[in-house]
Amino acid sequence: MVFREHTYSVLIVSASEKFNSMIMSLLPMSEYWPVNTVHNVAEARRMLLSRSYDLVIINAPLPDDFGTRLAMDICSDSNAGVMLFVKSDAFEDIYNKVLEYGVVAIPKPTSTVIVSQTLRTMCATCERLRRMKTKQVSVEKKIEEIRLINHAKWLLIECLSMTEPDAHRYIEKQAMDLRISKQEAAENIIKAYQ
């Protein structure tokens, strides 16, 4: 058993105790924690409002709805990986409906090997999404910094009749002299001249 720094939170949406037991046997606490189980779509939606999950496993049909809309909504509204188990006679129809949303459909019955491999693939996808989100946040911060610095430059150009290169140097010098970031220097300039 290898303990990882990061575990994957899981929500199981299933009314079948037999299915729940089979899935739970594939989710060691060292890799998947916490694991919550609900029995219908309404409970699942309430759980998803209170917290986010890395993986959501849906065993269709559910008592209050089939589960397809829930799977598509989760993929549309979050970064969670969604696995939808569907009876093999309805599989092709459901697969074609949910594919464009990013839902992984699996026909029932299936083997534990396939489920285990799919879980690992979904975890790999979660890691990829996590890295992409980190990069996106970094890029958004950089864009915000550039926007603030440009705003401060234009205020210096407008209020103090500086040239663009002089305004840029002024912001850099303020940041160095005050031992603050260029973004903080720009924010100070915006407060002073706006």
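Below: a short report on this structure. If you're wondering where the values come from, they're calculated on a predicted model, not measured in any experiment.

## Thoughts on the side chain of Thr118
In step 1: In this fold, Thr118 is placed in helix 5 (residues 112-160).
In step 2: Accessibility expressed as a relative area gives 15% for Thr118, which makes it buried.
In step 3: Side-chain polar atoms of Thr118 contact the backbone oxygen of Ile114, separated by 2.8 Å.

## Structural notes on the pattern of salt bridges
In step 1: Overall, the coordinates contain ten salt bridges when judged by the stated rule.
In step 2: A salt bridge links Lys142 to Glu145; the nearest nitrogen and oxygen atoms lie 3.8 Å apart. With Lys142 and Glu145 both in helix 5, this residue pair falls three residues apart, about one helical turn.
In step 3: With a closest N to O distance of 2.7 Å, Lys153 and Glu164 form a salt bridge. In this pair, Lys153 sits in helix 5 while Glu164 sits in helix 6 (residues 164-178), placing the two residues eleven residues apart along the sequence.
In step 4: With relative accessibility at 8%, the residue Lys153 sits in the buried group.
In step 5: The exposure class assigned to Glu164 is partly exposed, which follows from its relative accessible area of 37%.

## A look at helix 6
In step 1: Over its 15 residues, helix 6 extends 21 Å from the first C-alpha to the last, a length consistent with the 21 Å expected when each residue adds 1.5 Å.
In step 2: In this structure, the buried residues of helix 6 make contact with helix 5 and helix 7 (182-193).
In step 3: A positive backbone phi angle near 55° is found at Arg179, which sits one or two residues after helix 6.

Definitions and limits used
- Residue positions are counted from 1 within each chain, in the order its sequence is given.
- Local features are withheld for residues below a pLDDT of 70 in this predicted model, meaning they are given only at 70 or higher, and side-chain atom pairs are given and counted only at 80 or more; totals for whole chains, interfaces and linings count all residues.
- Heavy atoms throughout the structure, all of them, feed into the side-chain values; hydrogens and water do not.
- Every helix listed is a DSSP run of H or I at least four residues long, and every strand listed is a run of E at least two residues long, numbered separately from the N terminus.
- When a residue's accessible area, from a 1.4 Å probe over protein chains only, is under 20% of the maximum for its type it is buried; when over 50% it is exposed; and in between it is partly exposed.
- The term polar contact refers here to a pair of N or O atoms within 3.5 Å; inside protein, the definition further demands a hydrogen-donor-capable atom paired with an acceptor-capable atom, and it admits residues adjacent in sequence only when both atoms are side-chain atoms.
- Note on definitions: salt bridges are taken to be side-chain nitrogens of Lys or Arg within 4 Å of carboxyl oxygens of Asp or Glu.
- Expected helix span is given by 1.5 Å per residue-to-residue step, counting one fewer step than there are residues.
- Between two residues, a contact is recorded if the distance between any of their heavy atoms is within 4.5 Å.

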